[in-house]
Amino acid sequence: MVTLSGTQGAHPPLDDEGFARFAGQLRHPLIADLLSHTTPATRLSGYRNTANRRYHYERLPAWPTGLLVTGDAVTTFNPLYGQGMTVAAQSALVIRDGLARGRVNAATCHRIQHALAHTADLPWAVCTTEDIRYPGALGPPPSPLTRLVTCTADRLRSAACTRPAAARAFFDAVTLSKPVWRLISPSALAALALGPHLPPLDEPPS
Ligand SMILES: Cc1cc2nc3c(=O)[nH]c(=O)nc-3n(C[C@H](O)[C@H](O)[C@H](O)COP(=O)(O)OP(=O)(O)OC[C@H]3O[C@@H](n4cnc5c(N)ncnc54)[C@H](O)[C@@H]3O)c2cc1C
């Protein structure tokens, strides 16, 4: 499967020829070379709905008994970040634990709805702090704290290219595989402080 992406109007075309031409404009010809030796097995498909959207149902003052809103119906993420299914799965656990605690009434459901909203807090922060950096992105401007987090994430991302401890911490955090506080483990902090120790590659190592 070959996935190409672009922003700000520079979208890959959905016809075979245009797709191959777009691949040819990448910084390295590797993907275009590979494509030129293949026959498409399916037609191309595109997806352009990359907005992050969140509904704060938990803030409603009253809540009906027996209703819970979960998954994409509460928070939709830019699919680029691959967070939605993980959040949906974590939300299922929140519902299971919340319902196991006793009688189901409007207050229980409202409490679970609050917990469901918090399940999305971290991935929401990851997606929105990144996406707001694109020119023309709609949303509140980044706060000084957000800018600090963004600078730290940039440094961690560069360090991750050459330091395994930074790479593990970075991918565990962005894929929601481990709790985010693991980012402040001694090995991850050391990798972050030291930064990248090799210059970036100028072509794919393959
Ligand atoms: C292009 C793309 C790539 C993605 N990649 C990733 C990824 O790599 N990793 C990741 O974690 N997440 C990814 N996601 C996000 C993930 O797919 C969603 O977050 C997840 O599927 C949400 O689950 P859900 O059950 O809330 O909604 P959905 O999976 O959308 O399920 C809702 C279901 O309800 C049905 N439905 C709708 N209306 C009605 C109705 N009136 N009556 C009956 N049924 C109805 C729909 O047909 C659908 O089957 C991606 C999303 C997209 C669009």
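Residues numbered from 1 in each chain as written. Predicted model: local features only at pLDDT ≥ 70, side-chain atom pairs only at ≥ 80, totals over all residues. Heavy atoms only, no water.

> Could you give an account of the overall build of the protein, with specific residues and numbers?
When helices and strands are counted, the protein shows 8 helices and 2 strands. Its helices and strands taken in sequence order, the protein reads α-α-β-β-α-α-α-α-α-α from the N to the C terminus. Here the protein has a C-alpha radius of gyration of 21 Å; the compact-globule value for 206 residues is 17 Å, and the former is much larger. The principal-axis extent of the C-alpha atoms belonging to the protein is close to 60 × 45 × 30 Å. Going through the 206 residues of the protein one by one, you find that 29% of them count as buried. In the protein, of all internal contacts separated by at least 6 residues, the share reaching a separation of at least 24 is 62%. Total accessible area on the protein is roughly 14000 Å²; 62% of this is exposed by carbon and sulfur atoms. Here the protein contributes 19 positive and 14 negative side-chain charges, whose respective centroids are spaced 11 Å apart. (Helix = DSSP H or I, 4+ residues; strand = E, 2+ residues; numbered from the N terminus. Rg over C-alpha atoms; globule rule 2.2 N^0.38 Å. Buried < 20%, exposed > 50% of the residue type's maximum accessible area, 1.4 Å probe, protein only. Contact = heavy atoms within 4.5 Å. Areas by Shrake-Rupley, 256 points an atom, 1.4 Å probe, with all protein chains shown as cover. Lys, Arg positive; Asp, Glu negative; His and termini not counted. Charge placed at Lys NZ, Arg CZ, Asp CG, Glu CD.)

> A description of the environment of arginine 168 should follow, citing residues and the corresponding values.
Looking at the element boundaries, arginine 168 is found in helix α7 (residues 164-174). With a relative accessible area of 54%, arginine 168 lands in the exposed category. Considered as a pair, arginine 168 and arginine 182 are 14 residues apart in the sequence and their alpha carbons are 10.0 Å apart.

> Account for the pattern of salt bridges, naming residues and giving values.
Charged atoms that come close allow side chains of opposite charge to pair. Applying the stated rule across the entire model yields 7 salt bridges. Two residues, aspartate 154 and arginine 133, come together in a salt bridge whose shortest N-O distance is 2.6 Å. Of this pair, aspartate 154 sits in helix α6 (residues 144-160) while arginine 133 sits in the loop between α5 (121-131) and α6; the two residues are 21 residues apart in sequence, bridging distant segments of the chain. Judged by relative accessible area, which is 39%, arginine 133 ranks as partly exposed. Taking the relative accessible area as the measure of exposure, aspartate 154 reaches 26% and is therefore partly exposed. (Salt bridge = Lys/Arg side-chain N within 4 Å of Asp/Glu carboxyl O.)

> Can you tell me about the side chain of threonine 75, naming the residues and giving the values?
You can see threonine 75 is positioned in strand β2 (residues 75-76). Ignoring anything within four residues of it in the chain, the contact list for threonine 75 reads Arg53, Arg54, Ala120 and Trp124.

> Explain the packing of aromatic side chains to me, using residue names and the numbers behind them.
Evaluated as defined, the whole model comprises 2 aromatic pairs. Centre to centre, the rings of tyrosine 55 and tyrosine 57 are 5.8 Å apart; their planes meet at 50 degrees, and the pair counts as tilted. For tyrosine 55, a relative accessible area of 40% puts it in the partly exposed group. With a centroid separation of 5.3 Å and an interplanar angle of 80 degrees, the aromatic rings of phenylalanine 170 and phenylalanine 171 are classed as edge-to-face. On the accessibility criterion, phenylalanine 170 (14% relative accessible area) is buried. (Phe/Tyr/Trp six-rings, centres within 6.5 Å; stacked < 30°, edge-to-face > 60°.)

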